[in-house]
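# Observations on chain architecture
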Amino acid sequence: MSNKAVSYAGPGKVEVIDTPYPEFELKDGPGVNPANIGRKVHHGVILKTIATNICGSDQHMVRGRTTAPEGLVLGHEITGEVVEVGRDVEFLKVGDVVSVPFNISCGRCRNCKEGQTGICLNVNPDRPGSAYGYVDMGGWVGGQAEYVLVPYADWNALKFPDRDQAMEKILDLTMLSDIFPTGFHGAVGAGVGLGSTVYVAGAGPVGLAAATSAHLLGAATVIVGDLNADRLAQARSFGCETVDVSLGDPGEQIAQILGTPEVDCGIDAVGFEARGHGHDAGKEQPATVLNSLMEITRAGGSLGIPGLYVTGDPGASDEAAKAGSLSMRFGLGFAKSHTFVTGQCPVMKYHRGLMQAILSDKVNIAANVNATAISLDDAPKGYAAFDEGAAQKFVLDPHGLISSN
Ligand SMILES: NC(=O)c1ccc[n+]([C@@H]2O[C@H](COP(=O)([O-])OP(=O)(O)OC[C@H]3O[C@@H](n4cnc5c(N)ncnc54)[C@H](O)[C@@H]3O)[C@@H](O)[C@H]2O)c1
Ligand SMILES: [Zn+2]
Ligand SMILES: [Zn+2]
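Quick notes on the rules
Residues numbered from 1 in each chain as written. Chains lettered and ligands numbered in written order. Predicted model: local features only at pLDDT ≥ 70, side-chain atom pairs only at ≥ 80, totals over all residues. Heavy atoms only, no water. UniProt positions renumbered as here; feature names shortened; annotations may be inferred. Helix = DSSP H or I, 4+ residues; strand = E, 2+ residues; numbered from the N terminus. Rg over C-alpha atoms; globule rule 2.2 N^0.38 Å. Buried < 20%, exposed > 50% of the residue type's maximum accessible area, 1.4 Å probe, protein only. Contact = heavy atoms within 4.5 Å. Areas by Shrake-Rupley, 256 points an atom, 1.4 Å probe, with all protein chains shown as cover. Lys, Arg positive; Asp, Glu negative; His and termini not counted. Charge placed at Lys NZ, Arg CZ, Asp CG, Glu CD. Donors = N, O, S within 2.8 Å, 3.2 Å for Na, K, Ca; no water. Tetrahedral: all angles 85-135°; square planar, octahedral: opposite > 155°, others 65-115°. Near = heavy atom within 4 Å. Polar contact = N/O pair within 3.5 Å; in protein donor to acceptor, adjacent residues only side chain to side chain. Nonpolar A, V, L, I, M, F, W, Y, C, P; charged D, E, K, R; others polar. Core = buried A, V, L, I, M, F, W, Y, C linked by side-chain atoms within 4.5 Å. Domains from an automatic or database assignment. Pairing = 2+ DSSP bridges. Axes fitted to C-alpha atoms, helices over the stretch in contact; angles between N-to-C directions. Right-handed = clockwise from strand over helix to strand, strands pointing away.

In the nomenclature of an unreviewed UniProt entry, the protein is known as Zinc-type alcohol dehydrogenase-like protein YycR of Zhihengliuella salsuginis. In the Cofactor (unreviewed entry) part of its UniProt record, the protein is described as follows: "Zn(2+)". Quoted verbatim from the Sequence similarities (unreviewed entry) field of the UniProt record, the comment on the protein reads "Belongs to the zinc-containing alcohol dehydrogenase family."

Here is the structure:
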């Protein structure tokens, strides 16, 4: 069997390559942790990929802002059909259509047992937590490919109840592998509930998913900030208020909307590649969003921080940030008794509930993030457009199953 995949080809570049068809064993390859080479995966399934999305998290690698090696097969947002089951898989069957959490987790360790699947202890020899196709995450091969291996499959995969129904809603359901649960986790972490006022920094797909989630959770007003006009228009398309941070710090514009420069809940859907505000909008200032969220979130409030922060950034503008140290005004957070919720989203906590919300027409996540299906061969174009700030979430369609739907 042949296989094609999207791989990282050096800063600013991805290419579509021929790559081995998966086996029930983790083989050596770019980015594979030596301690994971030869690991047997009889608990895995092989998926024929139906949908696999390009993510802002991939962009950090493709922009050369991580230590990702060239040749790394990308892709952690995976939805597919089971075409082979490993010897130790009990419940999944060939033909099942499933969503795969981007976090790989074992279901056996202390953290998995406590629902913290984003920091599983058994899948990544480098550190707790793992993902497909990602630097320092153990070396599990990415899913922006025709076929992909999913370990601990009975535990990880979420089976859709009905194949035809799933294919009808595939552009919504594909968001369950990452951004919808991640945005939801951001909103839950920020304490969003009935009547909350919410500020979401970032109108990329994660920010828009967080805003969607805030609406689902009953927020009174959801304000989304960015410096990208098209993305702000996308946020307004589903009932969000917006703030253009290129005009200045968000507080003043929030006051124009709410009558006070303060919100109940703050969400960072930007991460370490944050731009400054106002005159500094052209410059990267990695702590801007964290500092401004402390400024505008009410005392006693929480900050949900799905935006990604790294322990090493070769492209950082200053020495401290190269080691992941940011100039955070932490004293302000202390003074206001803020709670900070960070880290990988434990997708499994939310994916079933959000699937039900999609299947029962309670939410239109695909429309809200402007999901756009493209072929695997067009992945380099999709990456380039996303990097330029297109107000779109690109969904790769490796077998043409979405376009023929
Ligand atoms: N924690 C997790 O589990 C998890 C999962 C998925 C993605 N992420 C992270 O979430 C972040 C967002 O992902 P995405 O796919 O939406 O990325 P994206 O790059 O498409 O979106 C980020 C947006 O932030 C905007 N921005 C930059 N500086 C800003 C500022 N100061 N204020 C407001 N907006 C600003 C950019 O213009 C851009 O539109 C990334 O860091 C990604 O790695 C984390
Ligand atoms: Zn992602
Ligand atoms: Zn585990």
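From this point, the discussion proceeds with the structure in view.
This paragraph deals with the overall build of the protein. On a plain count of helices and strands, the protein comes out with 15 helices and 17 strands. A globule of 405 residues ought to have a C-alpha radius of gyration of about 22 Å, and the protein, at 20 Å, matches this closely. Projected onto the principal axes, the alpha-carbon positions of the protein cover approximately 60 × 50 × 40 Å. Each of the 405 residues in the protein was classed as buried or not, and the buried ones make up 59%. For the protein, restricting intrachain contacts to residue pairs at least 6 apart in sequence, the fraction spanning at least 24 positions comes to 70%. About 15,700 Å² of surface is accessible on the protein, with carbon and sulfur atoms providing 49% of the total. Of the side chains in the protein, 30 bear a positive and 45 a negative charge, and the two mean positions are spaced by 5 Å.

For a metal bound by four donors in a tetrahedral arrangement, the ideal donor-metal-donor angle is 109.5 degrees, while six donors in an octahedral arrangement ideally sit at 90 or 180 degrees. Binding of the zinc ion (ligand 3) to the protein goes through Cys106 (SG), Cys109 (SG), Cys112 (SG) and Cys120 (SG), at separations of 2.3 to 2.4 Å. Seen from the zinc ion (ligand 3), its 4 donor atoms lie at angles of 99 to 118°, and the figure they make is tetrahedral. On the basis of relative accessibility, which here comes to 0%, the residue cysteine 120 falls in the buried class.

The next point concerns the site of ligand 1. Around ligand 1, a shell composed of 29 residues is seen, among which Ser57, Asp226, Arg231, Arg275 and Cys345 lie nearest. Contact distances for ligand 1 include 2.9 Å between an oxygen atom and a backbone N or O atom of valine 270. The backbone of glycine 343 places a nitrogen or oxygen atom 3.0 Å from a nitrogen atom of ligand 1. Here ligand 1 loses 93% of its free accessible area of 850 Å² to cover by the protein chains. Among the elements of the structure, α1 (56-62), α7 (205-216) and β11 (221-226) are those that each provide at least two residues to the shell around ligand 1. Here the shell around ligand 1 gets 3 residues from one element, more than from any other, and that element is α1. For the shell around ligand 1, a count of residues per class yields 14 nonpolar, 11 polar and 4 charged.

Before going further, it helps to examine the coordination of the zinc ion (ligand 2). At the metal site, the zinc ion (ligand 2) is ligated by Cys55 (SG), His76 (NE2), Glu77 (OE) and Asp178 (OD), and these contacts range over 1.9 to 2.3 Å. Given 4 donor atoms and angles of 92 to 129° at the metal, the environment of the zinc ion (ligand 2) is assigned as tetrahedral. Sequence positions of the residues that donate to the zinc ion (ligand 2) give the spacing C-x20-H-E-x100-D. With a gap of 22 residues between them, cysteine 55 in the loop between β5 (45-53) and α1 and glutamate 77 in the loop between α1 and β6 (78-85) connect regions that are remote in the sequence. By relative accessible area, cysteine 55 is classed as buried at 2%.

With 73 residues, the main nonpolar core has Leu74, Leu176 and Val200 as its most contacted residues. Both domains that meet at this core, namely domain 1 (4-178 + 346-396) and domain 2 (180-341), each give it at least three residues. Dropping the residues within four chain positions of it, leucine 176 is found in contact with Ser99, Leu158, Phe160, Pro181, Val347, His351, Leu354, Met355 and Ile358. The next biggest cluster of nonpolar side chains, apart from the first, holds 29 residues, and it includes Val45, Ile78, Val123 and Ala153.

We now examine the pairing of strand β1 (residues 4-8). Of all the 5 residues making up β1, 4 are buried; the element is thus mostly covered by neighbouring parts of the structure. Strand direction decides the pairing type here: β1 and strand β2 (residues 14-18), joined by 5 bridges, are antiparallel. Each bridged residue has a counterpart across the sheet, and for serine 7 the counterpart in β2 is glutamate 15. As consecutive antiparallel partners, β1 and β2 are separated by 5 residues, and within that stretch glycine 10 has a phi angle of approximately 100°, a positive value.

With that settled, the discussion passes to the UniProt feature "domain: Alcohol dehydrogenase-like C-terminal" (unreviewed entry) in the protein. UniProt marks residues 205-271 with the feature "domain: Alcohol dehydrogenase-like C-terminal" (unreviewed entry), using the numbering shown here. Summarising residues 205-271: 43% helix, 24% strand, and an end-to-end C-alpha distance of 13 Å.

With parallel pairing, 6 strands are arranged side by side in an open sheet as β12-β11-β10-β13-β14-β15. This sheet does not close on itself; its edge strands, each paired only once, are β12 (241-244) and β15 (339-341). Within the sheet, the average angular offset between the axes of one strand and its neighbour, ignoring direction, is 20°. In the sheet, strand β10 (residues 197-201) pairs with β11 via 5 bridges, with the strands oriented parallel. Its bridge partner being in β11, threonine 197 is matched across the sheet by threonine 221.

As a further point, take the pairing of strand β16 (residues 371-374). As defined by bridge partners, β16 adjoins strand β17 (residues 393-396) across 4 bridges and the pair is classed as parallel. Within β17, the residue paired with threonine 372 across the bridge is phenylalanine 394. As a crossover connection, the stretch from β16 through helix α15 (residues 379-387) into β17 is right-handed.

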